[in-house]
Amino acid sequence: MNIILTILSAIGGLGFIITTILAIVGYVSRESLKFLLEKRIREFQSSIDNNIYISKYQFEKEYSIYQGIWEKLIDLKFTTLELRPQIEFNISVENKNQERERKLIKFAEDFNEFLLVYQYGKPFYSKEVFEELKTIDHLSRKEEAEYHFLHTPEDKGYWSEASKQNKEIIAQVDKCCESIRNRIESYKIIDR
């Protein structure tokens, strides 16, 4: 034991102990730093995964597609709601038939315009937006079919069913709006 103490004092025992302590602290610090860096990398990767990085040109193109479908969607919404409005004034039987035809023609025009933009843009919509548009397509067709073929205002439950479907259409259009908004807000534009 005396030999070890003599050797340690010869090489500077205190220096050896300090060097050993610094090596251990350095290793712990290096591991802590490595852990912190890996954590930051995971956080950054998560941030990248939640955002979509696109060029400004690509953003403008997709934005114009969403803008185009939104315009047609609003036209379709109002035309569909007009098929069975909540309040309709007494109209003579002759005028009633003309009014019915006018509504159906207007619906067909707006629906066909919506359908063209919807189908042409199909590959460019996000999955969420596409699903919302598909539901609106279905609800509009259903409302038109019920108005055209199935029910008349004299039928029991006609107006309550119309009100229910109108609320469904409005809610679905709002849901689609939110999907488009979320999609656009998820973009991070990069300059190229």
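Residue indices follow the written sequence of each chain, beginning from 1 at its first position. For a predicted model such as this one, the threshold for reporting local features is a pLDDT of at least 70, and the threshold for listing and counting side-chain atom pairs is 80 or more; totals across whole chains, interfaces and linings nevertheless cover every residue. Think of the side-chain values as coming from all heavy atoms in the structure, minus any hydrogens and water.

- The chain appears in an unreviewed UniProt entry as DUF4760 domain-containing protein from Acerihabitans sp. KWT182.

## Side note on the packing of helix α5 (residues 127–150) against helix α6 (residues 158–185)
No. 1: Lines fitted to C-alpha atoms define the axes, with helix axes restricted to the stretch in contact, and inter-axis angles between N-to-C directions lie between 0 and 180 degrees. Only DSSP runs of H or I with at least four residues qualify as helices, and only runs of E with at least two residues qualify as strands; both kinds are numbered from the N terminus onward. Where α5 contacts α6, the axes come no closer than 9 Å and their chain directions differ by 160 degrees. One finds that α5 runs roughly antiparallel with respect to α6. Judged by the sense of rotation from one axis to the other, the crossing of α5 with α6 is left-handed. Contact with α5, carried on its side by Glu 128, Val 129, Glu 132, Leu 133, Thr 135, Ile 136, Leu 139, Lys 142, Glu 143, Glu 146 and Tyr 147, involves Tyr 158, Glu 161, Gln 165, Asn 166, Glu 168, Ile 169, Gln 172, Val 173, Lys 175, Cys 176, Ser 179 and Ile 180 of α6 and no other residues of that element. Note on angle classes: values under 35 degrees are labelled roughly parallel, values over 145 roughly antiparallel, values of 65 to 115 roughly perpendicular, and the remainder oblique. Should the near helix be turned counterclockwise from the far one by less than a right angle, the crossing is left-handed, whereas a clockwise turn marks it as right-handed. Working rule for contacts: check all heavy atoms of both residues, and any pair within 4.5 Å makes them a contact.

## Re the pattern of salt bridges
No. 1: We define a salt bridge as a contact between a side-chain nitrogen of Lys or Arg and a carboxyl oxygen of Asp or Glu at a distance within 4 Å. Overall, the coordinates contain 10 salt bridges when judged by the stated rule.
No. 2: For Arg 84, the salt bridge is made with Glu 143, and the minimal N-O distance between the two is 2.8 Å. On the criterion of sequence distance, the pair formed by Arg 84 in the loop between α3 (56–83) and α4 (93–120) and Glu 143 in helix α5 is long-range, its members being 59 residues apart. Neither residue differs from the other here; Arg 84 and Glu 143 are each classed as buried.
No. 3: Residue Glu 99 is joined to Arg 102 by a salt bridge in which the shortest nitrogen-to-oxygen separation is 2.7 Å. You can see Glu 99 and its partner Arg 102 sitting in helix α4, three residues apart, about one turn around the helix.
No. 4: Think of it in three bands: residues with accessible area under 20% of the maximum for their type are buried, residues over 50% are exposed, and the middle band is partly exposed, with areas taken using a 1.4 Å probe on protein chains only. On the basis of relative accessibility, which here comes to 37%, the residue Arg 102 falls in the partly exposed class.
No. 5: Residues joined by salt bridges that share partners form a network here, namely Glu 82, Glu 99 and Arg 102.

## Concerning the packing of aromatic side chains
The way to describe two aromatic rings as a pair is by their centre distance and the angle between their planes.
No. 1: Note on ring pairs: Phe, Tyr and Trp rings are taken, using the six-membered ring of Trp, and paired if centres are within 6.5 Å. Classes follow the plane angle, with under 30 degrees stacked, over 60 edge-to-face and the rest tilted. Tallied over the full model, the rule gives five aromatic pairs.
No. 2: Taking the centre distance of 5.4 Å and the plane angle of 10 degrees together, the rings of Phe 114 and Tyr 118 count as stacked. Here the residue Phe 114 and the residue Tyr 118 both occupy positions in helix α4, the gap between them amounting to four residues, near one helical turn.
No. 3: On the accessibility criterion, Phe 114 (0% relative accessible area) is buried.
No. 4: The class of Tyr 118 is buried, set by a relative accessible area of 2%.
No. 5: Sitting above the plane of the Tyr 147 ring, Arg 100 keeps its charged end 4.5 Å from the centroid. Charge-over-ring contacts are defined here by two conditions on Lys NZ or Arg CZ: a distance within 6 Å of the ring centre and an angle within 35 degrees of the ring normal.

## Re the nonpolar core
No. 1: Definition of nonpolar core: a set of buried residues of the types Ala, Val, Leu, Ile, Met, Phe, Trp, Tyr and Cys, connected through side-chain atoms within 4.5 Å. Ranked by size, the top nonpolar core spans 26 residues in total, and within it Tyr 66, Ile 69, Leu 73, Phe 114, Tyr 118, Tyr 125 and Leu 133 carry the most contacts.
No. 2: Of all elements in the fold, only α3, α4, α5 and α6 reach the threshold of two or more residues within this core.
No. 3: Ranked by the residues each element gives to this core, the list is headed by α3, at seven residues.
No. 4: Setting aside residues no more than four positions away along its own chain, Phe 114 makes contact with Ile 69, Lys 72, Leu 73, Leu 76, Leu 133 and Asp 137.

## Description of α6
No. 1: Between the first and last C-alpha of α6 there are 40 Å, a value that for 28 residues agrees with the 40 Å anticipated at 1.5 Å per step.
No. 2: Among the residues of α6, those classed as buried are Tyr 158, Ala 162, Ser 163, Gln 165, Asn 166, Ile 169, Gln 172, Val 173, Cys 176, Ser 179 and Ile 180.
No. 3: On its buried face, α6 sits against α3 and α5. Every helix has an expected span of 1.5 Å times one less than the residues it contains.

## Regarding the state of the cysteines
No. 1: Cysteine sulfur atoms are paired as a disulfide whenever they fall within 2.5 Å. Summed over all chains, the structure comprises zero disulfides.
No. 2: Unpaired in this structure, Cys 176 has its nearest cysteine sulfur neighbour in Cys 177, at a distance of 7.7 Å.

## Structural notes on the packing of α3 against α5
No. 1: Packing of α3 against α5 leaves a shortest axis separation of 10 Å and a crossing angle of 25 degrees. Judged by the angle between their axes, α3 and α5 are roughly parallel. Two packed elements cross with a definite hand, and for α3 against α5 that hand is left-handed. When α3 is examined against α5, the residues Tyr 66, Ile 69, Leu 73, Leu 76, Thr 80 and Leu 83 are found in contact with a partner set consisting of Val 129, Leu 133, Ile 136, Ser 140, Glu 143, Glu 144 and Tyr 147.
No. 2: Ten residue types, Ala, Val, Leu, Ile, Met, Phe, Trp, Tyr, Cys and Pro, are classed as nonpolar, four, Asp, Glu, Lys and Arg, as charged, and the remainder, Gly among them, as polar. Residue classes in the contact of α3 with α5 are distributed as nine nonpolar, two polar and two charged.

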